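The residues making up each chain are set out below.
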Amino acid sequence: MKKLIVLILACLWLPVFSQTTDKSAHLGVKMGLNSSTIWGGKFDKQRPRFGIQTGLYIKKQTKKQFGNFAEIEMAFTGSNFKHQTKEYSRINFLVLNTSFCKYHNIGERGEVLFGLQGAFILSNELYAKDELKALHRNLPFRRIDPQIKLGWANKGDFSTLLLEIRFSLLNIGEDIELTVLEPTLNKNGNVKNFSIACSLLF
């Protein structure tokens, strides 16, 4: 798995970094917050969970109104659940996101982004009730979660505000099975991940 992640990152980033000497290329830092939710299968009573994210991005204008945008970031995501006494209450993910997008300039300061993101699930924890200690760790979610990403950016004098929507393209949780909780998770069905993020680009 580690070799696969390194290979994908190299394929995405090496062609972009090779152009950083161009005056139209910009390498910067990204920091922000996200709100994420998972649903589907036997996960029930979902509620958004807030997390943080930080990483690096590179941006290069290729034509007058178009350009490329690539990034790599670490993010804490997951989902909350409205629970009773014995039910699961939340799940946490530590995710490595890498994406490649095209952007289109709108006016002097606006941009619209659209592209694909590979979310690599590095670890996960499932909590029950209001306990601080995880009940289960590293449930068998699929490690790679391909996502479609849409975004809108507003360029300022010192930073850029970026709003993003991310949605899973594939099922990430069909093999999860937990029968000690209520409701039981027994051979979960089609599980998806959805998140909204707000970041500042410097």
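It should be emphasised that the depicted structure is a prediction, and the values quoted were computed from it without experimental measurement. (Residues numbered from 1 in each chain as written. Predicted model: local features only at pLDDT ≥ 70, side-chain atom pairs only at ≥ 80, totals over all residues. Heavy atoms only, no water.)

1. Side note on the overall build of the protein
- Helix and strand counts for the protein come out as one helix and 10 strands.
- Of the regular secondary structure in the protein, the N- to C-terminal order runs α-β-β-β-β-β-β-β-β-β-β.
- Relative to its 202 residues, the protein shows a buried fraction of 44%.
- Considering only contacts within the protein whose residues lie at least 6 apart along the sequence, 64% involve residues at least 24 apart.
- As presented, the protein carries roughly 10,900 Å² of accessible surface, and 63% of it is formed by carbon and sulfur atoms. (Helix = DSSP H or I, 4+ residues; strand = E, 2+ residues; numbered from the N terminus. Buried < 20%, exposed > 50% of the residue type's maximum accessible area, 1.4 Å probe, protein only. Contact = heavy atoms within 4.5 Å. Areas by Shrake-Rupley, 256 points an atom, 1.4 Å probe, with all protein chains shown as cover.)

2. A short note on empty space enclosed by the protein
- Scanning all chains against the criterion turns up two cavities of 30 Å³ or more.
- If you add up the space inside the largest cavity, you get close to 60 Å³.
- In terms of lining, the largest cavity is formed by Ser 36, Thr 77, Val 95, Asn 97, Gln 117, Ala 119, Gln 147, Arg 166, Asn 193 and Ser 195. (1 Å grid on protein atoms, 1.4 Å probe; cavity = no way out; pocket = protein on both sides within 12 Å on 5 of 7 lines; lining within 4 Å. Points joined across faces, edges and corners; volume = space filled by probe spheres on them.)

3. Digging into the confidence of the model for the protein
- Summary statistics for the protein give a mean pLDDT of 84 and a share of 83% for residues scoring 70 or more.
- Per-element averaging of pLDDT across the protein places helix 1 (residues 2-17) at the bottom with 52 and strand 9 (residues 160-168) at the top with 96.
- Here residues 17-21 is a poorly scored stretch, pLDDT under 50, and it has six contacts once near neighbours within four places are set aside; other chains count. (pLDDT = per-residue confidence, 0-100.)

4. Side note on the nonpolar core
- With 17 residues, the main nonpolar core has Ile 38, Phe 43, Ile 91, Phe 93 and Phe 141 as its most contacted residues.
- Among the elements that line this core, the one with the most residues is strand 5 (residues 88-106), at four residues.
- When neighbours within four sequence positions are excluded, Phe 93 is seen to be in contact with Ile 38, Ala 75, Phe 76, Thr 77, Gly 78, Ile 121, Ser 123, Asn 124 and Phe 141.
- If you look at the next biggest cluster of nonpolar residues, it comprises eight residues, including Tyr 57, Tyr 103, Leu 113 and Leu 201. (Core = buried A, V, L, I, M, F, W, Y, C linked by side-chain atoms within 4.5 Å.)

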